[in-house]
Amino acid sequence: MITLDPVPTPQQLFRWLDSGRITREEFRTAMAVHANEIIQEMKQAHANPLVAKFNELMNRREAWKWSRKHGEALIREILCVLMDEERFAPARWLWNAAHPHIPLNCFFRTRGTPMLRFLEMTVRPQIVTILIEHGGSETLAPTREQFTLRRNRQTRLMVERRDLM
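Residues numbered from 1 in each chain as written. Predicted model: local features only at pLDDT ≥ 70, side-chain atom pairs only at ≥ 80, totals over all residues. Heavy atoms only, no water.

Colleague: What exactly am I supposed to notice about the pairing of strand β3 (residues 143–151) here?
Modeller: Regular strands show a simple pattern: their side chains alternate between the two faces of the sheet. Judged from the eight bridges that link them, strand β2 (residues 127–135) and β3 form a sheet pairing that is antiparallel. By the bridge assignment, Glu133 is partnered in β3 with Arg144. Bridge count between β3 and strand β4 (residues 157–164): seven bridges; the pairing is antiparallel. Bridge pairing links Arg150 to Met158 in β4. In sequence, β3 turns back onto β4 through a hairpin of five residues, with Thr155 there showing a positive phi of about 60°. (Pairing = 2+ DSSP bridges. Helix = DSSP H or I, 4+ residues; strand = E, 2+ residues; numbered from the N terminus.)

Colleague: How should I be thinking about the environment of Leu94 in this particular structure?
Modeller: Take Leu94: it is sitting in the loop between α4 (72–83) and β1 (115–123). With 15 residues separating them in the primary sequence, Leu94 and Leu79 have C-alpha atoms 6.5 Å apart. If we ignore the near neighbours within four places in the chain, the residues touching Leu94 are Leu79, Leu82, Met83, Phe88, Phe107 and Leu116. (Contact = heavy atoms within 4.5 Å.)

Colleague: Would you mind showing me how to read the sheet that holds β3 here?
Modeller: The pairing of strands in a sheet comes from backbone hydrogen bonds and takes either a parallel or an antiparallel form. The strand order β1-β2-β3-β4 describes an open sheet built from four strands, whose pairing is antiparallel. Because the sheet does not close on itself, it has two edges, and the strands there are β1 and β4. On average, adjacent strands in this sheet sit at an angle of 25° to one another, irrespective of strand direction. Sheet analysis places β1 next to β2, joined by eight bridges and oriented antiparallel. Residue pairing for β2: Glu120 is matched across the bridge by Leu131. (Axes fitted to C-alpha atoms, helices over the stretch in contact; angles between N-to-C directions.)

Colleague: So what exactly am I meant to see when it comes to the pattern of salt bridges here?
Modeller: Applying the stated criterion to the full structure yields 15 salt bridges. Between Glu41 and Arg109 there is a salt bridge, and its shortest N-O distance comes to 3.0 Å. Residue Glu41 is located in helix α2 (residues 24–47), and its partner Arg109 is located in the loop between α4 and β1; the two are separated by 68 residues in the primary sequence. Residue Glu41 is classed as partly exposed on the basis of its relative accessible area of 33%. The salt bridge involving Lys65 is made with Glu62; its shortest N-O contact spans 3.8 Å. Remark: Glu62 and Lys65 occur in helix α3 (residues 49–70); sequence separation between them is three residues, near one turn of the helix. Classification of Lys65 as partly exposed rests on a relative accessible area of 35%. Glu62 gets classed as buried once you look at its relative accessible area, which sits at 9%. Salt bridges sharing common partners tie together Lys53, Glu56 and Arg60. (Salt bridge = Lys/Arg side-chain N within 4 Å of Asp/Glu carboxyl O. Buried < 20%, exposed > 50% of the residue type's maximum accessible area, 1.4 Å probe, protein only.)

That's the geometry; what it means functionally is another story.
Structure, rendered in structure tokens:
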């Protein structure tokens, strides 16, 4: 069995299942962890609907700000690249960022824990530089990372460099 600490992203779990690296039972167990996280978030939102609504509005504002400035397609492409990045904790919430029917604001978390928000973004034709703040808790400060993404020959964004700030 592959250890679940930290829990692999659903995308990784699907790849591992397809390659035979894990069994169906191990896959179900690992996916249950993700399902339980979603259920816990839903319970918290149900317990305090005003805070949940405020957080949702802030996340919508964040998604709108970045998609208006750079376009929704680029923001989704960046989220998909981050989803495949190893040892990037928020990747576990980005696994379905490529699906256009899921609202973009679902991937931003501007308040509370866990946090994921963009602080700065510079877009040039072949290179995207983005400063991201993620993680944190009541006792720990959030982590800031700068990613430099470059387009390869197939015009697909790839992580070229990752720096802790």
